[in-house]
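An overview of the molecular structure
Residue-level listing of the chains:
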Amino acid sequence: MVVGVVALDLRLEGCRSLKDKRNLLRGLIEKCRNDFHVAIAEVGDQDLWGNALVCATVPSNDAGHVEKVLFNVEKAFDEHPEVEVTSVLRDLWRP
């Protein structure tokens, strides 16, 4: 079994309130849940309008599949015009 985790530090352009931030992140997080079947949540910088820390995780028997899913999650955030991915941390665990 392989468990993959990706942590994304995000800079959110155009967010002028926490409500704007939540609306932007909610759509992206739901898209990742539905499209890639990952567990994903905002885990840091919850009180900052222009920043967010989002983590996603996926278990599988195939490390290649895990890498592909994590890459797709990162890509989904990176391709959004109002989101800048400032840093990425990826890790695989084999318990």
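Quick notes on the rules
Residues numbered from 1 in each chain as written. Predicted model: local features only at pLDDT ≥ 70, side-chain atom pairs only at ≥ 80, totals over all residues. Heavy atoms only, no water. Helix = DSSP H or I, 4+ residues; strand = E, 2+ residues; numbered from the N terminus. Rg over C-alpha atoms; globule rule 2.2 N^0.38 Å. Buried < 20%, exposed > 50% of the residue type's maximum accessible area, 1.4 Å probe, protein only. Lys, Arg positive; Asp, Glu negative; His and termini not counted. Charge placed at Lys NZ, Arg CZ, Asp CG, Glu CD. Contact = heavy atoms within 4.5 Å. Core = buried A, V, L, I, M, F, W, Y, C linked by side-chain atoms within 4.5 Å. Expected span 1.5 Å × (residues − 1). Arc of directions from axis to C-beta.

1. Some words on the overall build of the protein chain
Along the protein chain, the regular secondary structure elements total two helices and four strands. Listing every helix and strand of the protein chain by position from the N terminus yields β-α-β-β-α-β. Taking 12 Å as the expected radius of gyration for a compact globule of 95 residues, we find that the protein chain reaches 13 Å, a close match to that expectation. The dimensions of the protein chain, computed from C-alpha atoms along their principal axes, are 40 × 20 × 15 Å. Out of the 95 residues in the protein chain, the part that is buried amounts to 39%. The positive charge centre, built from 12 side chains, and the negative charge centre, built from 16, are 4 Å apart in the protein chain.

2. Some words on the side chain of Lys21
Mapping Lys21 onto the fold places it in helix α1 (residues 18-36). If near-sequence neighbours (up to four positions away) are discounted, Lys21 is found in contact with Leu12, Cys15, Glu42, Asp45, Gln46, Asp47, Leu48, Trp49, Asn51 and Ala52.

3. Some points on the nonpolar core
One finds Leu10, Val38, Ile40, Val73 and Phe77 to be the most contacted residues of the largest nonpolar core, which totals 27 residues. Dropping the residues within four chain positions of it, Val73 is found in contact with Val6, Leu8, Cys32, Phe36, Val38, Ile40 and Ala56.

4. With respect to α1
Taking 1.5 Å as the rise per residue, α1 with 19 residues should run 27 Å; its terminal C-alpha atoms sit 26 Å apart, in good agreement. By the burial criterion, the buried members of α1 are Lys21, Leu24, Leu25, Leu28, Ile29, Cys32 and Phe36. What you see down the axis of α1 is that its buried residues fit within an arc of 120°, all on one side. Opposite the buried face of α1, by more than 90 degrees, sit the exposed residues Lys19, Arg26 and Asn34. Where α1 is buried, its residues meet β1 (2-12), β2 (39-44), β3 (51-60), α2 (63-78) and β4 (83-93). His37, located one to two residues past α1, shows a positive phi value of around 55°.

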